[in-house]
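# Summary of structural features
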Amino acid sequence: MPAPVSSIPNLGPASEEAFARAGITTAEEIHALGPDESYRRLLAAGTRPHFIGYYVLVMGLQGRPWNDCKGEEKKALRKRFDALCAGFNRSDVKLRADMEAMLSYLGVVERA
């Protein structure tokens, strides 16, 4: 019998519901997809990007407590998260990039 998403450490009923909306219903699917593709599918299903949710998933797949992510490891995960979210309309990274492009177009800031 497949294990529920909530069997992954740090993930609970809310995560299980979000993954179900993304078409992912088992812990085995998340393990097979890995954290980045699993999270990308959450975003594609309309989940608003949130860094803590991403690194909680990464830590859980490693069997680590959610608050075990610190220092350089957390900085590296932030870069992965930003790259992962950049193409999604609801992401802060995408909104910031769009705003900077518009300000540049209007001549408010210098073009890069």
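These lines cover the structure that appears in this document, whether it is placed above or below. (Residues numbered from 1 in each chain as written. Predicted model: local features only at pLDDT ≥ 70, side-chain atom pairs only at ≥ 80, totals over all residues. Heavy atoms only, no water.)

Looking now at the pattern of salt bridges. Counted according to the given criterion, the structure contains 7 salt bridges. With a closest N to O distance of 2.9 Å, Arg41 and Glu37 form a salt bridge. Placement of both Arg41 and Glu37 in helix 2 (residues 27-44) is noted, with a separation of 4 residues, approximately one turn of the helix. Across the salt bridge formed by Asp68 and Arg64, the nearest N and O atoms sit 2.7 Å from each other. For Asp68, a relative accessible area of 34% gives the class partly exposed. (Salt bridge = Lys/Arg side-chain N within 4 Å of Asp/Glu carboxyl O. Helix = DSSP H or I, 4+ residues; strand = E, 2+ residues; numbered from the N terminus. Buried < 20%, exposed > 50% of the residue type's maximum accessible area, 1.4 Å probe, protein only.)

A separate point is helix 2. Residues lying three or four places apart along an α-helix face the same way, a consequence of the helix completing one turn every 3.6 residues. Over its 18 residues, helix 2 extends only 19 Å from the first C-alpha to the last, a length that falls short of the 26 Å expected when each residue adds 1.5 Å. Listing the buried residues of helix 2 in full gives Ala27, Ile30, Gly34, Pro35, Ser38, Tyr39, Leu42 and Leu43. Looking at the buried residues of helix 2, the elements they touch are helix 1 (13-21), helix 3 (51-61) and helix 4 (71-85). Of the residues flanking the end of helix 2, it is Gly46, one or two places downstream, whose phi is positive at about 105°. (Expected span 1.5 Å × (residues − 1). Contact = heavy atoms within 4.5 Å.)

One can find Gly63 in the loop between helix 3 and helix 4. For the pair Gly63 and Pro9, spaced 54 residues apart in the sequence, the C-alpha separation amounts to 6.2 Å.

The contact between helix 2 and helix 3 brings their axes to 10 Å, and the two run at 160°. By the angle class used here, helix 2 and helix 3 are roughly antiparallel. Judged by the twist between their axes, the crossing of helix 2 over helix 3 is left-handed. Together, Ile30, His31, Gly34, Pro35, Asp36, Ser38 and Tyr39 of helix 2 and Gly53, Tyr54, Leu57, Val58 and Leu61 of helix 3 make up the contact between the two elements. Of the residues in the contact of helix 2 with helix 3, the class split is 7 nonpolar, 4 polar and 1 charged. (Axes fitted to C-alpha atoms, helices over the stretch in contact; angles between N-to-C directions. Parallel < 35°, antiparallel > 145°, perpendicular 65-115°, else oblique. Left-handed = near helix turned anticlockwise from the far one by under 90°. Nonpolar A, V, L, I, M, F, W, Y, C, P; charged D, E, K, R; others polar.)

So, about a nonpolar patch on the surface. A grouping of Met102, Tyr105, Leu106, Val108 and Val109 is seen on the molecular surface, where their side chains present a nonpolar patch of about 540 Å² in accessible area. Within the element layout of this structure, Leu106 appears in the segment after helix 5 (92-105). A relative accessible area of 56% means that Leu106 is categorised as exposed. (Patch = residues over 30% accessible without salt bridge, like charges linked within 9 Å, V, L, I, M, F, W, Y side chains within 5 Å. Areas by Shrake-Rupley, 256 points an atom, 1.4 Å probe, with all protein chains shown as cover.)

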